[in-house]
Amino acid sequence: MSSLIDVATAAKYNEWANNRLYNALHNLTDGERREDRGAFFRSIHNTMNHILLADILYRQRLEKTQITFNSLDEIVHADFNDLEESHRSNDKWYSDRCSEFGEVELNGDFSFKAVGMDTDEYYSLPLKVCLSNLFQHQIHHRGQVHHMISHASYDPPPLDIVKFGSDVTDSWTVRVGV
């Protein structure tokens, strides 16, 4: 199975896209970020928490540390600024770590038990497939947040990978709220 993009590039794109999304989220009030918008995780805040939770879950598996979550809708950070800082820090970790993986490691088996399922589910797949799943998961939920930003009557940032690849700096690139 070949990847559309390598995991190191996917991790860097992930960091870039989340940066743009968080920059856009600074335009919304805390109430607007927490408003139930009918999404699977209800609000922007909860969806961003879910994205981070999945990242931390995979990181715990990669680092072979204890899994600290029992369900996929747990709130990692109630405070938006704490959520953002934790997410940015975790994104940096993935960018750094994914650039270190070699082909042997990426093609090796990565086994884990799923979290939050009604019955036990176990998986054992090549690491690169699991990481591709993680980054695809992010894209999926960022799309939901992108839609919710529009629903809140704000302009969402472009997140196209071609924009990432062109290394364009625009108003969404520069970090806000620091």
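Report follows, based on the coordinates. (Residues numbered from 1 in each chain as written. Predicted model: local features only at pLDDT ≥ 70, side-chain atom pairs only at ≥ 80, totals over all residues. Heavy atoms only, no water.)

Looking now at helix H4 (residues 80-98). Two residues of an α-helix separated by three or four positions point the same way, owing to the 3.6 residues in each turn. With 19 residues, H4 ought to run about 27 Å at 1.5 Å a step, and its terminal C-alpha atoms sit 26 Å apart, in line with that. The opening residue of H4 is Asp79, an N-cap whose side-chain oxygen sits 3.1 Å from the backbone nitrogen of Asn81. (Helix = DSSP H or I, 4+ residues; strand = E, 2+ residues; numbered from the N terminus. Expected span 1.5 Å × (residues − 1). Polar contact = N/O pair within 3.5 Å; in protein donor to acceptor, adjacent residues only side chain to side chain.)

Right, let's talk about unusual backbone geometry for a bit. If you check the backbone angles, Lys64 has positive phi at about 55° while not being a glycine. Following the sequence through the fold, Lys64 ends up in the loop between helix H3 (44-62) and H4. At Asp167, a position not held by glycine, the phi torsion is positive, near 55°. In this structure, Asp167 sits in the segment after helix H7 (161-166). Relative accessible area serves as the criterion here: at 67%, Asp167 is assigned to the exposed category. (Buried < 20%, exposed > 50% of the residue type's maximum accessible area, 1.4 Å probe, protein only.)

We now examine the nonpolar core. Core analysis: the largest hydrophobic core is formed by 27 residues, its most contacted members being Leu25, Ile44, Met48, Val145 and Ile149. Where this core is concerned, the elements lending two or more residues are helix H1 (7-25), H3, H4 and helix H6 (127-151). Dropping the residues within four chain positions of it, Val145 is found in contact with Leu21, Leu25, Ile44, Thr47 and Met48. With 18 residues, the next largest nonpolar core counts Ala11, Tyr58, Cys130 and Leu131 among its residues. (Core = buried A, V, L, I, M, F, W, Y, C linked by side-chain atoms within 4.5 Å. Contact = heavy atoms within 4.5 Å.)

Below, the discussion takes up the pattern of salt bridges. Following the criterion strictly, the structure yields 11 salt bridges and no others. One salt bridge in this structure joins Arg34 and Asp30, with 2.8 Å as the shortest N-O distance. Here the residue Arg34 and the residue Asp30 both occupy positions in helix H2 (residues 30-34), the gap between them amounting to 4 residues, near one helical turn. Classification of Arg34 by relative accessible area gives partly exposed; the value is 36%. With a closest N to O distance of 3.4 Å, Arg59 and Glu63 form a salt bridge. For Arg59, a relative accessible area of 21% gives the class partly exposed. By relative accessible area, Glu63 is classed as partly exposed at 39%. (Salt bridge = Lys/Arg side-chain N within 4 Å of Asp/Glu carboxyl O.)

For the rest of this paragraph, the subject is the state of the cysteines. One pass over the full model with this rule turns up 0 disulfides. Of all cysteine sulfurs, the one in Cys130 lies closest to Cys98, which takes part in no disulfide; the gap is 12 Å. (Disulfide = S-S within 2.5 Å.)

Right, let's talk about the pairing of strand S1 (residues 109-113) for a bit. Side chains Phe110 and Phe112 project from S1 onto a buried face, and the interleaved Asp109, Ser111 and Lys113 project onto a face without burial. Relative to strand S2 (residues 122-126), S1 is paired through 5 bridges, and the arrangement is antiparallel. In the strand pairing of S2, Lys113 is matched with Tyr122. (Pairing = 2+ DSSP bridges.)

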